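Chains, contacts and geometry: an overview
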Amino acid sequence: MRPRLITAAIAAATLVVGAAVPAQAKPAEPPKEATAVGYGGAVSTVDATATAVGLDVLRRGGNAVDAAVAAAATLGVTEPFSAGIGGGGFFVYYDAKTRRVHTIDGREAAPASMTETSFVNPSTGRPYQFDEARISGLSAGVPGTLLTWRDALDRWGTRSLAQMLKPAERVAEDGFTVDETFASQIAGNQTAFGQFSSTSALYLPGGQPPAVGGTFRNPDLAATYRLIAKRGTDVFYRGEVGRDVVATVQHPPAAAQPVGTWPYPIRPAGMTAADLAGYRTRFPEPTRSDYRGLEVYGMSLPSSGGTAVGEALNILEQFNLRSMTATQAMHHYLEASALAFADRNRYVGDHTPRDVLRELLSDAYARERACLIDAAAALPKPVAPGVPDGAYGGCSAAAAADTRDDRKSTTNLTVADRWGNVVEYTLTIEATGGNGMVVPGRGFLLNNELTDFNFAPTQGTAPDPNLPAPGKRPRSSMSPTIVLADGRPFLAVGTPGGATIITTVLQMLVNRIDLGMTLPEALAAPRASQRNGASTQAEPEFITGYAASLPPGHAFSATEEIGAATGIEFLADGRLLAAAEPVRRGGRAAAVVGRWARH
Ligand code: GLU
């Protein structure tokens, strides 16, 4: 969403930290731009308020990690249907001092009570419908966002969590202007939200979404942020906020007078205080693939982002895309993506063994996969997964497609600071509006991330790597990516979009690295997402631009928009180029600390 900034709220949210700007100074609202070029640090999000908060932290001497946490906490207020402390995400960090890339897995975890058949209706023996599972306690995973923030700050930040929650708390307390996106995200969830007393009270005052142009306040969330600031994350994971999370999952807060009729029973589930107390973030090694002399670092398990983007790049590296027409390059991009998705669906889940991951990202395996691509025709889809067993040779050639999950929720942000540190962070509550339940009195929505598990086996007689299990984390597609050139940052990109995240990140990289586009052009270009399905989902402009000239065998289904990306490029002359979507999802929230170099 893109709330118009209530400047007073942000001005009041000045931080008592750092000294780059006098404490009284009013942080200027950044112009709502899709591209900003300059020095001293940069922030790109899909929301002007969050970008303003992140920029202010940088201006006051905070680093990229501080700014990323403050911006993310603000997105929890202004983009509550996409992200917040009821959800999870993946944080990728480049540390300028050590020149190393680190990651935090703050993905939601299944409670101990979850089983392989939790999403199968015991009375019919059939998997639940998506919405039936989503709007229930069953879909809520143990949230990881707050611990991600704490752990990022503890390890690499220079400010406290309490300090970084402050600006967001003020936005929640003082309010922001409701825009059309915010109102329409509520309208799109009206019946689901209307089933719960807490959600209706916050988001459906008088049974309707709040009016566009009005001021939206969330005092309960402000109080929750204040409580966490005062008492630390234990108040969530071992204290009263956590108790309320558990109570909400176990006893969904039914509305006395529901708005509309929800077609399914609303099922409770068994998350417990012990599940919350047992939650830990993880710090996996990033995935790495070398692509045309660059090092591409991505998110490892339980995300499939790093391996799928990396494998597709490795396949594409077998071809000289630069010497091809744009249409041929897009043909190869679509085919490589289908091949990588076949492997992701067959092999990647929270518990995938390391050696399988290594093989999936090996050049030898990519060569074997690449030889399946025919320049003159599209492969019939779905393509079969390969066998990443270390013994590669000729080409082998049917598998189940997993083409669901093209939703438009989640949010992404990119931050760089004056010291050269970089954060690429994708966070989510899964579907727009999560599981529909605001935790009563706490002001935040719970996630429905566990619906990212497969509800029933998808791989025929082969094992499915993404079935639910106790404590397991559902497979994600989130792909926060940092690209280094000679060990130094060159690009950082990420996007929301469910499984289209993988293809959008891949397409942006191909656009920028191979097709000669600038980063803003690479973000703006029309998108297509081939996920090993019979048809490729694509924006209308992509279809008009390419469908007629592509080799035979491609089929397209039109979708209005794919993703809402952000990115930063580190230009050769030392400037930072922050890029946000010019149009998709409101976009335009890129900013730099200074337009001119300091001397
Ligand atoms: N739950 C999705 C994932 O982890 C992200 C949801 C979205 O971006 O719409 O892959």
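Residues numbered from 1 in each chain as written. Predicted model: local features only at pLDDT ≥ 70, side-chain atom pairs only at ≥ 80, totals over all residues. Heavy atoms only, no water.

As a further point, take the confidence of the model for the chain. Chain-level pLDDT for the chain is 92 on average; 91% of the residues reach the 70-or-more range. The model gives residues 1-30 a pLDDT under 50, and that stretch makes 83 contacts with residues more than four places away or in other chains. A low-confidence stretch, residues 396-406 (pLDDT under 50), is modelled with 43 contacts involving residues beyond four sequence positions or located in other chains. (pLDDT = per-residue confidence, 0-100. Contact = heavy atoms within 4.5 Å.)

With that out of the way, let us pick up the site of the ligand. Surveying the vicinity of the ligand reveals 15 residues, the closest of which are Thr-410, Glu-430, Glu-449, Asp-452 and Ser-476. Measuring from a nitrogen atom of the ligand, one finds a side-chain N or O atom of Glu-430 at 2.7 Å. Interatomic distance of 2.7 Å between a backbone N/O atom of Ser-477 and an oxygen atom of the ligand. Expressed as a share of its isolated accessible area of 300 Å², the protein-covered part of the ligand is 100%. In the shell around the ligand, the residues fall into three nonpolar, seven polar and five charged. (Near = heavy atom within 4 Å. Polar contact = N/O pair within 3.5 Å; in protein donor to acceptor, adjacent residues only side chain to side chain. Areas by Shrake-Rupley, 256 points an atom, 1.4 Å probe, with all protein chains shown as cover. Nonpolar A, V, L, I, M, F, W, Y, C, P; charged D, E, K, R; others polar.)

Attention shifts here to the pairing of strand 7 (residues 294-298). Along strand 7, five of the five residues are buried, which leaves the element largely enclosed by surrounding structure. Of the two faces of strand 7, both are covered, the one formed by Leu-294, Val-296 and Gly-298 as well as the one formed by Glu-295 and Tyr-297. Where strand 6 (residues 287-291) meets strand 7, five bridges bridge the pair, whose relative direction is antiparallel. Its bridge partner lying in strand 7, Arg-288 is registered against Tyr-297. Hairpin connection between strand 6 and strand 7: a loop of two residues separates the two successive antiparallel strands, and Arg-292 in this loop has a positive phi of roughly 50°. When strand 7 meets strand 10 (residues 481-485), the two strands line up antiparallel, connected through three bridges. When the sheet's bridge partners are listed, Glu-295 is paired in strand 10 with Leu-484. (Buried < 20%, exposed > 50% of the residue type's maximum accessible area, 1.4 Å probe, protein only. Helix = DSSP H or I, 4+ residues; strand = E, 2+ residues; numbered from the N terminus. Pairing = 2+ DSSP bridges.)

By the definition in use, this model includes 20 aromatic pairs. When the ring of Phe-119 is compared with that of Phe-455, the centres are 4.4 Å apart and the planes differ by 20°; the resulting orientation is stacked. Linked through ring pairs, Phe-81, Phe-176, Phe-182, Phe-193, Tyr-203 and Phe-216 together constitute an aromatic cluster. In this arrangement the basic side chain of Arg-155 is found over the ring face of Phe-283, its NZ or CZ atom lying 3.4 Å from the centre. (Phe/Tyr/Trp six-rings, centres within 6.5 Å; stacked < 30°, edge-to-face > 60°. Lys NZ or Arg CZ within 6 Å of the ring centre and 35° of its normal.)

What follows covers the sheet that holds strand 14 (residues 556-558). Reading across the sheet, the three strands line up as 12-13-14 and stay open at both edges, with mixed pairing between neighbours. Only two strands of the sheet have a single neighbouring strand rather than two, namely strand 12 (528-529) and strand 14. In this sheet, strand 14 lies alongside strand 13 (residues 536-538) in parallel orientation, the contact comprising three bridges. Considered in strand 14, the bridge of Gln-537 is made with Ser-557.

A few words now on helix 2 (residues 48-59). Taking 1.5 Å per residue as the helical rise, helix 2 with its twelve residues ought to reach 16 Å, and the 16 Å between its terminal C-alpha atoms agrees with that figure. Counting buried positions along helix 2 gives eleven out of twelve residues, so the element sits mostly inside the fold. Within the span of helix 2, buried status applies to Ala-48, Thr-49, Ala-50, Thr-51, Ala-52, Val-53, Gly-54, Leu-55, Asp-56, Val-57 and Leu-58. Following helix 2 by one or two positions, Gly-61 has its phi on the positive side, about 100°. (Expected span 1.5 Å × (residues − 1).)

The subject of this paragraph is helix 7 (residues 180-187). Three or more residues of helix 7 are buried, namely Thr-181, Phe-182, Ala-183, Gln-185 and Ile-186. Elements in contact with the buried residues of helix 7: helix 3 (64-78), strand 4 (176-177), helix 8 (190-193), helix 9 (197-203) and strand 5 (215-216). Among the residues of helix 7, the N-terminal cap falls to Asp-179, whose side-chain oxygen and the backbone nitrogen of Thr-181 are separated by 3.2 Å.

A separate point is the pattern of salt bridges. Throughout the structure, instances matching the rule amount to 29 salt bridges. Taking the shortest distance from any N to any O, the salt bridge between Glu-285 and Arg-100 comes out at 3.6 Å. Linking Glu-285 in the loop between helix 13 (273-277) and strand 6 with Arg-100 in strand 3 (residues 100-106), this pair joins segments that are 185 residues apart in sequence. Notably, a salt bridge pairs Arg-442 with Asp-244, separated by 2.7 Å at the nearest N-O pair. Given the relative accessible area of 25%, Asp-244 is considered partly exposed. (Salt bridge = Lys/Arg side-chain N within 4 Å of Asp/Glu carboxyl O.)

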